[in-house]
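Reading the structure
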Amino acid sequence: MTVARFKDLCIDVTCPSAMTAFWGNILGLTSPADNPNVLVGDVPEKTIWINKVDEPRTVKQRVHLDVATGAIADLERQGATIQVPASDEQQWTVMEDPEGGEFCGFVRTTVPAYKVLELIVDAADPEAQARWWHGVVGGDFGSRPGTPYNWLENVPGLPFPYWVFVPVPEPKTVKNRVHWDVTAPALQPVLDAGATLLRPKDDEIGWAVCADPEGNEFCVFVPPAEDV
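This text gives an overview of the structure that appears in the document. All figures in this text were calculated on a predicted structure; none of them were measured in a lab.

1. Concerning the layout of surface pockets
Its volume calculated, the largest pocket comes out at about 670 Å³. Around the largest pocket sit 21 residues that line it, and Asp66, Trp92, Ile120, Tyr149 and Val166 are the ones nearest its centre. When contributions to the lining of the largest pocket are tallied by element, the ones reaching two or more residues are strand S4 (63–69), strand S7 (102–107), strand S8 (116–123) and strand S11 (162–167). The element best represented in the lining of the largest pocket is S11, accounting for four residues. Split by residue class, the lining of the largest pocket holds 12 nonpolar, three polar and six charged.

2. Side note on the pattern of salt bridges
By the definition in use, this model includes 12 salt bridges. Across the salt bridge formed by aspartate 42 and lysine 46, the nearest N and O atoms sit 2.7 Å from each other. With a relative accessible area of 13%, lysine 46 lands in the buried category. For aspartate 202, the salt bridge goes to arginine 199, with nearest N and O atoms at 2.9 Å. On the accessibility criterion, aspartate 202 (33% relative accessible area) is partly exposed. Overall, the relative accessible area of 30% leaves arginine 199 in the partly exposed class. Ionic contacts of the salt-bridge type, sharing partners, join the residues Arg199, Asp202 and Glu204 into one network.

3. Quick look at the environment of tyrosine 149
When you line up the elements, tyrosine 149 lands in the loop between strand S9 (140–143) and strand S10 (150–153). With 18 residues separating them in the primary sequence, tyrosine 149 and proline 167 have C-alpha atoms 7.2 Å apart. With near-sequence residues (within four places) excluded, tyrosine 149 lies in contact with Gly142, Ser143, Arg144, Phe165, Val166 and Pro167.

4. Observations concerning the sheet that holds S10
The strand order across the open sheet built from eight strands is S5-S6-S7-S4-S8-S11-S10-S9, with neighbouring strands paired in mixed fashion. Looking along the sheet, the strands with just one partner apiece sit at the ends: strand S5 (81–84) and S9. Sheet twist, expressed as the mean angle between neighbouring strand axes with direction ignored, is 30°.

5. Things to note about the nonpolar core
Counting residues in each nonpolar core, the largest one holds 51 residues, and the members touching the most others are Trp23, Trp133, Trp163, Trp180 and Phe218. With five residues, the next largest nonpolar core counts Ala68, Cys104, Phe106 and Leu117 among its residues.

6. So, the packing of aromatic side chains
Inspection of every chain in the model, using the stated rule, returns 14 aromatic pairs. Ring centres of phenylalanine 6 and tryptophan 163 lie 6.4 Å apart, and the angle between their planes is 75°; on these two criteria the pair is classed as edge-to-face. Placement of the pair is phenylalanine 6 in strand S1 (residues 5–13) and tryptophan 163 in strand S11, with a sequence separation of 157 residues. Taking the relative accessible area as the measure of exposure, tryptophan 163 reaches 0% and is therefore buried. Directly above the aromatic system of phenylalanine 221 lies the positively charged group of lysine 7, at a separation of 4.4 Å from the ring centroid. Directly above the aromatic system of phenylalanine 141 lies the positively charged group of arginine 131, at a separation of 3.9 Å from the ring centroid.

7. With respect to the sheet that holds strand S13 (residues 196–199)
Through backbone hydrogen bonds, the strands of a sheet pair up, either in parallel or in antiparallel fashion. With respect to topology, seven strands assemble into an open sheet ordered S2-S3-S1-S12-S15-S14-S13, the strand pairing being mixed. The strands lining the two open edges of the sheet, one partner per strand, are strand S2 (38–39) and S13. Taken together, the four bridges between strand S14 (residues 208–211) and strand S15 (residues 217–221) define a ladder with antiparallel strand orientation. Of the residues in S15, the one forming a bridge with alanine 211 is glutamate 217. On top of the sheet, helix H1 (residues 16–27) reaches S1, S2 and strand S3 (48–52); it is set at about 155° to S3, its chief contact. Helix H3 (residues 126–137) contacts S1, strand S12 (178–183) and S15 of the sheet and is inclined by roughly 35° relative to S12.

8. Details of H3
Given 3.6 residues per turn, any residue in an α-helix points the same way as the ones three and four places further on. The end-to-end C-alpha distance of H3, which contains 12 residues, comes to 16 Å, matching closely the 16 Å that a straight helix rising 1.5 Å per residue would cover. Count one or two residues on from H3 and you reach glycine 138, which has phi positive near 85°.

Reading guide: rules and limits
- Residues numbered from 1 in each chain as written.
- Predicted model: local features only at pLDDT ≥ 70, side-chain atom pairs only at ≥ 80, totals over all residues.
- Heavy atoms only, no water.
- 1 Å grid on protein atoms, 1.4 Å probe; cavity = no way out; pocket = protein on both sides within 12 Å on 5 of 7 lines; lining within 4 Å.
- Points joined across faces, edges and corners; volume = space filled by probe spheres on them.
- Helix = DSSP H or I, 4+ residues; strand = E, 2+ residues; numbered from the N terminus.
- Nonpolar A, V, L, I, M, F, W, Y, C, P; charged D, E, K, R; others polar.
- Salt bridge = Lys/Arg side-chain N within 4 Å of Asp/Glu carboxyl O.
- Buried < 20%, exposed > 50% of the residue type's maximum accessible area, 1.4 Å probe, protein only.
- Contact = heavy atoms within 4.5 Å.
- Pairing = 2+ DSSP bridges.
- Axes fitted to C-alpha atoms, helices over the stretch in contact; angles between N-to-C directions.
- Core = buried A, V, L, I, M, F, W, Y, C linked by side-chain atoms within 4.5 Å.
- Phe/Tyr/Trp six-rings, centres within 6.5 Å; stacked < 30°, edge-to-face > 60°.
- Lys NZ or Arg CZ within 6 Å of the ring centre and 35° of its normal.
- Expected span 1.5 Å × (residues − 1).

As structure tokens, then:
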């Protein structure tokens, strides 16, 4: 039995106006006139909140997006730069956004209006992480025999096909600049599943900030009567 549902994504930036325009163009989303620092699509789950933070990016991001594009040059024209070009061994291009955040560009013959393909999360134990999130939000667990790659698909509410967990040797050292939000009937079942409460809902924020078993931050939105 799942205890939460995917809600939306958030990206921390130092310059919201420039980064909202950048990500809107890259992902095929728009910014409403009455809320210029949020991107929206045709369903609420495609929403991406662009949050201003004081600290700049300092290390490789443990969470990033894979996006579809007709050509890598199209991403460059929007302000992205190439970090690692595609090759015979790697069928995607590692890019950087204007603030140095990594994302990957996948060239497609047909590019959908909404261009997010996958959410990628670095992990020390990708199978354990994928199985934990499978228990929290549901969907189907997938793995590739003989490899350490694990993923979720058909997750209720997830507006892109895959949520992928990949192995990395380095530990998490700083707050993630990309995170996801979930909704839940109550907070306690999320904590009982193994999440850590970092900050409860208070007079300043209307959600609980939690971390998964490897420390990845996520926010939990619950009905007011169920607040903890």
